[in-house]
Structure formats: C-alpha cells, structure tokens
Amino acid sequence: MIDQILKENLIVSYDAEAQRRSQEEDPEWKVAERENFLGWMIEENSSSVLDLGAGPGKDSFFFKENGIQPLAIDISPEMVRICRGKGLEAEVLSLDEMNRLEKKFGAVWAMNSLLHIPRREIENVLRDVHEVLEERGLFYMGLYGGIDSEGIWEGDIFEPKRFFSLHTSIDIQKLVSPFFSIENMVVLPPHAVDSKLEFQSLILRKKKV
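Residues numbered from 1 in each chain as written. Predicted model: local features only at pLDDT ≥ 70, side-chain atom pairs only at ≥ 80, totals over all residues. Heavy atoms only, no water.

Visitor: Looking at this model, I keep getting lost on the packing of aromatic side chains. Mind explaining?
Guide: Both the distance between ring centres and the angle between the ring planes are used here to describe each pair of aromatic rings. The final tally for this structure, using the stated rule, is 12 aromatic pairs. Look at tyrosine 144 and phenylalanine 199: their rings are 5.6 Å apart centre to centre, the planes differ by 80°, and that puts the pair in the edge-to-face class. With a gap of 55 residues between them, tyrosine 144 in strand E5 (residues 133–145) and phenylalanine 199 in strand E9 (residues 198–206) connect regions that are remote in the sequence. Comparing tyrosine 144 with phenylalanine 199, the two get one shared label, buried. Members of the aromatic cluster, connected to one another through ring pairs, are Phe37, Phe62, Phe63, Trp109 and Tyr140. Here the basic side chain of arginine 34 rests over the ring of phenylalanine 62, its NZ or CZ set 5.3 Å away from the ring centre. Against the face of phenylalanine 158 rests arginine 162, its NZ or CZ located 3.6 Å from the ring centre. (Phe/Tyr/Trp six-rings, centres within 6.5 Å; stacked < 30°, edge-to-face > 60°. Helix = DSSP H or I, 4+ residues; strand = E, 2+ residues; numbered from the N terminus. Buried < 20%, exposed > 50% of the residue type's maximum accessible area, 1.4 Å probe, protein only. Lys NZ or Arg CZ within 6 Å of the ring centre and 35° of its normal.)

See the structure below:
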C-alpha cells in the first residue's frame, strides 16, 4: 500500500489545483498523445478505457466523445467532482485501489499519474493494471523521466509539494517487461514537452503471465 501521508498530501495538493487544471488548455503534445492512443484503441476495437489519475477528466471526455467508454479514477475528490460535472463516470480511488473496481477494460490510460508511485510499490501497481485489462488489452503509460530520482520535488509550485518517482528509459522498460510487451515507445526530448525532463511515451500490451 502507498504511504497514507503521501496520499493525503496528494489529495490536498490536487484538490487545491483542480479548478485551475480544469480551465487550462492542454499543450499540443499531450493532445497528440491521446489522439494517437485513440487510434490504437479504435484499431483494436476497444470499447472501454480506465483513466488512471484522470484529473479534471479532459482525456476521459475526449475518449467518450470518440466512442470509447471511460471510467475516470483520481485520488482527489475535487477532481472527481469536476469529472462528474462533465457527465463522466468517475470514482475517488488511488492507484493502489484499482483492484476494487472488479471489472475489466479494453485499455488503460495513465498520463503522468504513475509519477507519484514509490519504487517499492510500482510493481504492484503495474500488476494491478495487468489484472484490470482484458486479454491482450492496451496500456498507455506516459511519464516524465530520463533521470533516476525519487522524493519530494522541492521546486514544486503545488502545496504541499508533491512526491515524484522518476526513471530512466532503460529502467522503465525493465519495470514493465514482466507484465507487458512494448508495442511502441517514444522518448520526447525536454524542449518538445516544455520541461527540464524528457517524456517517456509507451504503448504496452498485456502479456500472459
């Protein structure tokens, strides 16, 4: 289980930022990422997607508009309230609680949400993603990284400051390999994502384990 203090801090941080995040416009590279994954889901005839750490539901709303039924989960009650206000099915759950859903999905989408999972817990969360996916289901895993780092981000503008766990591209491939095959992986350089960090974009397929 993820540390309760870590969870509580994330709830306070994201509740406070929910309205701002709902109103800000997504950068073009994020729009391109979800459009690309939508193409994969359509090709695979996926009818449902679990949105992990859905925030204000922008990605879930996009998928719903394009014929994929989403379920949005987020640790922040305020984020979930905003999702529901958009007509989305949404639940207050942390990522280590997705096994409570007791249903399977054609795809799973995680845009920068696994950043907050400590290394000691990441394997368990990946196992849970594997379990909620239908046979040969697709998993989009996108996260900042490129460095080996874990802890509170002292430069964070959120309060309380958030915990981040960052991985090199080699390490992230090793982490997912017990549960997923890598269908596609692209590393976007910092200048492409307006960040000091690169962005690791992986499209994964559920393995038989």
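Visitor: Hey, could you run me through the nonpolar core in this one?
Guide: Nonpolar side chains tend toward joint burial in soluble globular proteins. Counting 59 residues, the largest nonpolar core has Leu50, Leu52, Leu114, Phe139 and Met141 as its most contacted members. Per-element tally for this core: the top contributor is E5, with seven residues. Once residues lying within four places of it in the same chain are set aside, the contact partners of leucine 52 are Ile73, Leu95, Met98, Val108, Trp109, Ala110, Ser113, Leu114 and Val129. (Core = buried A, V, L, I, M, F, W, Y, C linked by side-chain atoms within 4.5 Å. Contact = heavy atoms within 4.5 Å.)

Visitor: Would you take a moment to explain the sheet that holds strand E8 (residues 180–188) for this structure?
Guide: Within a beta sheet, neighbouring strands are joined by backbone hydrogen bonds and run either parallel or antiparallel to one another. Strand order in the open sheet made by the seven strands is E3-E2-E1-E4-E5-E9-E8, with mixed pairing throughout. Strands with a single pairing partner mark the edges of an open sheet, and in this sheet they are strand E3 (90–92) and E8. Taking each pair of neighbouring strands and ignoring which way they run, the sheet shows an average axis angle of 15°. Of the pairings in the sheet, the one linking strand E1 (residues 48–52) to strand E4 (residues 105–111) comprises three bridges and is parallel in character. Bridge pairing links aspartate 51 to tryptophan 109 in E4. Against the sheet, helix H5 (residues 119–132) touches E1, E4, E5, E8 and E9, its axis set at about 145° to E5. (Pairing = 2+ DSSP bridges. Axes fitted to C-alpha atoms, helices over the stretch in contact; angles between N-to-C directions.)

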